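Single-letter residue listing:
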Amino acid sequence: MNPLATKIRNEIELRGSIPFARFMELALYAPGEGYYETQQQIGRSGDFITSVSVGSLFGELLAFQFAEWFEAALHTTAASQLSSDKTPLFQIVESGAHDGKLAGDVLSFLSANRPELFQRLEYCIIEPSVLRQVWQTKTLKRFPNVKWINDLSALSAAGINPMNRIFFSNELFDAMPVYRFGWDAKTKSWFEWAVGWDGDKFVWKRALENQRSAVPFPKVDPALLEVLPDEFTTEVCPLAIEWWTEAARLLHRGKMIAIDYGLLAEEFFVPERSGGTLRAISRHHANTELLSNPGEQDITAHVNFGALKTAGENVGLQTDALLPQSRFLTEIVGRGLKMSGEFAQWDSVQRRQFQTLTHPEHFGRAFRVLVQSR
Ligand SMILES: C[S@@+](CC[C@H](N)C(=O)[O-])C[C@H]1O[C@@H](n2cnc3c(N)ncnc32)[C@H](O)[C@@H]1O
């Protein structure tokens, strides 16, 4: 048993069982021992690839989109509000920046292709992990306009209040700890799947009523609940909703964009997802042994885009788009070609990257993009 598993077992022995969200939090983020704290897992030689590891094109297309948004905002800004000094006018806030590669791709594109905007831009990374900040600092050392903060609340405290801000993340929310619930068809009620220890391994346990986590049950159409099979399992991620809501409150003017694999609320409740969407990933293979080898494999769940969208709208954001990644990126390329001839000179490497990013069997269909604005 690895030292992290021993630590988790000790916590379970003290408490009887722990919510799955706590297991996932420790497995992924326990300082010095969690999966995202110990190794470079992303890329072909790691456990999984993301749109970022496909190549620099993803960041370049996003940068083009960010520039369009900032330039449009500038047109509607009164000249009196534009100070002539060099204070930042625009701010990109990235969370889940990992090793900083995506930030580097976005900044390289902007510095080469939108130098004036780049001069007035601050790139802020929200990074709670000291180790990952070290990775990012190394990747981004040639960009003087990058800042780090430890969490969202530091944004307002830091007094940064640019006129135009973009919050963005790629595959942030799928890595946030989730609670796991099962449906009891006999009593027509939800129960929580907790994690216990049976003497030599971690096991799933139904949490006792008085041990249940104080988080909302999954939201399901009552008519659907009438026919939901026994032990139908699904996840909720209060952390993602809290994060999106808090960020939205910090958005005075600008956009929020989340790119991730995920579903609309009702898409979770179909027969092929009766076991939920949680998966462990190791060496490019997904498995359902979520409780095995904590710290040595990734654990991830589909993002509930319906819930994120509602959370933003509840605090006054407008939804601009919720669409597959393929359409989002194809439309960017279309506008680039039409308006400025950008993207007309792609070589075979860039064409291949675009195909991977938009192909339905790769990143094109399962990945969605949510854009909201204020
Ligand atoms: C699946 S990886 C994606 C990394 C990168 N964005 C990419 O697309 O290649 C998820 C990343 O989100 C980070 N993460 C998870 N929760 C976070 C939080 N609350 N704040 C900042 N980063 C977080 C993890 O540490 C990890 O680096």
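Report on the accompanying structure. None of these values were measured; they are calculated from a predicted model.

### So, unusual backbone geometry
Item 1. The backbone of Arg283 sits at a positive phi, close to 50°, despite the residue not being glycine.
Item 2. Tracing the backbone through its elements, the reader meets Arg283 in the loop between strand S11 (279-282) and strand S12 (285-287).
Item 3. A positive phi is found at Asn293, a non-glycine position, where the angle reads about 45°.
Item 4. With respect to the helices, strands and loops of the structure, Asn293 is situated in the loop between S12 and strand S13 (298-300).
Item 5. Assessed through its relative accessible area of 44%, Asn293 is described here as partly exposed.

### Comments concerning the packing of aromatic side chains
Item 1. Tallied over the full model, the rule gives 23 aromatic pairs.
Item 2. Both rings, one in Phe232 and one in Phe269, keep their centres 5.7 Å apart while their planes meet at 25°; by these two values the pair is stacked. Separated by 37 residues along the polypeptide, Phe232 in the loop between helix H10 (222-225) and strand S9 (233-236) and Phe269 in the loop between strand S10 (254-263) and S11 bring together distant segments of the chain.
Item 3. A ring pair is formed by Trp346 and Phe354, whose centres lie 5.3 Å apart and whose planes are at 50°; its orientation type is tilted.

### Concerning the site of the ligand
Item 1. Residues in contact with the ligand amount to 16 residues; listed here are only the nearest, Thr50, Gly96, His98, Arg132 and Asn170.
Item 2. One of the side-chain nitrogen or oxygen atoms of Arg132 is found 3.1 Å away from an oxygen atom of the ligand.
Item 3. Out of a free accessible area of 590 Å², the ligand has 92% covered by protein chains.
Item 4. When its residues are assigned to classes, the shell around the ligand shows nine nonpolar, five polar and two charged.

### Structural notes on the layout of surface pockets
Empty pockets left among the atoms are what a rolling probe the size of a water molecule brings to light.
Item 1. Computed from the structure, the second largest pocket encloses a volume of approximately 620 Å³.
Item 2. What lines the second largest pocket is a set of 28 residues, and nearest its centre among them are Lys219, Val236, Ile241, Asn304 and Ala307.
Item 3. When residues of the lining of the second largest pocket are traced back to their parent elements, those giving at least two are S9, helix H11 (238-249), strand S14 (303-304) and helix H12 (305-314).
Item 4. A per-element tally of the lining of the second largest pocket places H12 first, with six residues.
Item 5. Class assignment of the residues belonging to the lining of the second largest pocket gives a composition of 18 nonpolar, six polar and four charged.

### Topic: the pairing of strand S6 (residues 179-184)
Item 1. Burial runs high along S6: six of the six residues are buried.
Item 2. Neither face of S6 is open: one carries Tyr179, Phe181 and Trp183, the other Arg180, Gly182 and Asp184, and all of them are buried.
Item 3. Bridge analysis of S6 against S9 gives four bridges, and the strand direction is antiparallel. Paired with Tyr179 across the strands is Val236, a residue of S9.
Item 4. Note: S6 against strand S7 (residues 189-197), four bridges, orientation antiparallel. Counterpart to Phe181 in the pairing with S7 is Glu192.
Item 5. Linking S6 back to S7 in an antiparallel pair, the connection comprises four residues, with Lys188 at a positive phi of about 50°.

### As for the pattern of salt bridges
Item 1. For the structure on display, the rule yields 21 salt bridges.
Item 2. Here Asp47 makes a salt bridge to Arg283, at a shortest N to O gap of 3.9 Å. A residue pair is termed long-range when its members are at least 10 positions apart, and Asp47 in the loop between helix H3 (35-38) and helix H4 (51-54) and Arg283 in the loop between S11 and S12 qualify at 236 residues.
Item 3. Using a relative accessible area of 5% as the deciding quantity, one classes Asp47 as buried.
Item 4. Of the charged contacts in the structure, one is a salt bridge between Glu127 and Arg132, with a shortest N-O distance of 3.0 Å. Grouping residues by exposure puts Glu127 and Arg132 together as buried.
Item 5. The structure contains a network of salt bridges with shared partners spanning Glu11, Arg15, Arg22 and Glu25.

### With respect to the sheet that holds S13
Item 1. Strand order across the open sheet formed by three strands is S12-S11-S13, with antiparallel pairing between neighbours. Whereas interior strands pair on both sides, the edge strands pair on one side only; in this sheet they are S12 and S13. Averaged over neighbouring strand pairs, the angle between their axes works out to 30° when direction is ignored.
Item 2. The pairing of S11 with S12 spans three bridges and is classified as antiparallel. Paired with Ser282 across the two strands is His285, which belongs to S12.

### Here we look at the pairing of strand S5 (residues 164-170)
Item 1. Counting buried positions along S5 gives seven out of seven residues, so the element sits mostly inside the fold.
Item 2. Judged by which residues are buried, S5 turns out to be covered on both faces: Asn164, Ile166, Phe168 and Asn170 on one side and Arg165, Phe167 and Ser169 on the other are all buried.
Item 3. The pairing of strand S2 (residues 90-95) with S5 spans five bridges and is parallel. When the bridges of S5 are listed, Val93 appears paired with Phe167.
Item 4. In the sheet, S5 pairs with S10 via six bridges, with the strands oriented parallel. Each bridged residue has a counterpart across the sheet, and for Ile166 the counterpart in S10 is Lys255.

What counts and how
Just so you know, the residues in each chain are numbered from 1, in the order the chain's sequence is written. Side-chain atom pairs in this predicted model are given and counted only at pLDDT of 80 or more, local residue features only at pLDDT of at least 70, and totals for whole chains, interfaces and linings cover all residues. Water and hydrogen atoms were dropped before computing side-chain values, which therefore reflect all heavy atoms in the structure. Secondary structure follows DSSP: runs of H or I at least 4 residues long count as helices, runs of E at least 2 residues long count as strands, and numbering of each begins at the N terminus. Exposure classes here rest on a 1.4 Å probe applied to the protein chains alone. A residue is buried below 20% of its type maximum, exposed above 50%, and partly exposed in between. Aromatic rings from Phe, Tyr and Trp, taking only the six-membered ring of Trp, are treated as a pair when their centres fall within 6.5 Å; an angle between ring planes under 30 degrees marks them as stacked, one over 60 as edge-to-face, and anything in between as tilted. To be near a molecule or strand, a residue needs just one of its heavy atoms within 4 Å of it. N or O atoms within 3.5 Å of each other form a polar contact, as long as, within protein, one can give a hydrogen and the other can take it, and as long as residues adjacent in sequence are counted only when both atoms are side-chain atoms. Only the protein chains shown count as cover for residues, and the accessible areas themselves come from Shrake-Rupley with a 1.4 Å probe. Charged means Asp, Glu, Lys or Arg here, nonpolar means Ala, Val, Leu, Ile, Met, Phe, Trp, Tyr, Cys or Pro, and polar covers whatever is left, Gly included. Cavity: a set of points on a 1 Å grid over the protein atoms alone where a 1.4 Å probe fits but cannot get out. Pocket: an open set with protein on both sides within 12 Å along at least five of seven lines, its lining residues, like those of a cavity, having an atom within 4 Å of a point. Grid points are joined across faces, edges and corners, and a volume is the space filled by probe spheres set on the points. A strand pair is defined by DSSP finding two or more bridges across the two strands. Note on definitions: salt bridges are taken to be side-chain nitrogens of Lys or Arg within 4 Å of carboxyl oxygens of Asp or Glu. Angles here are taken between N-to-C directions and fall from 0 to 180 degrees, while the axes themselves are lines fitted to C-alpha atoms, restricted in helices to the stretch in contact.

Bear in mind that shape data such as this cannot, by itself, settle questions of function.
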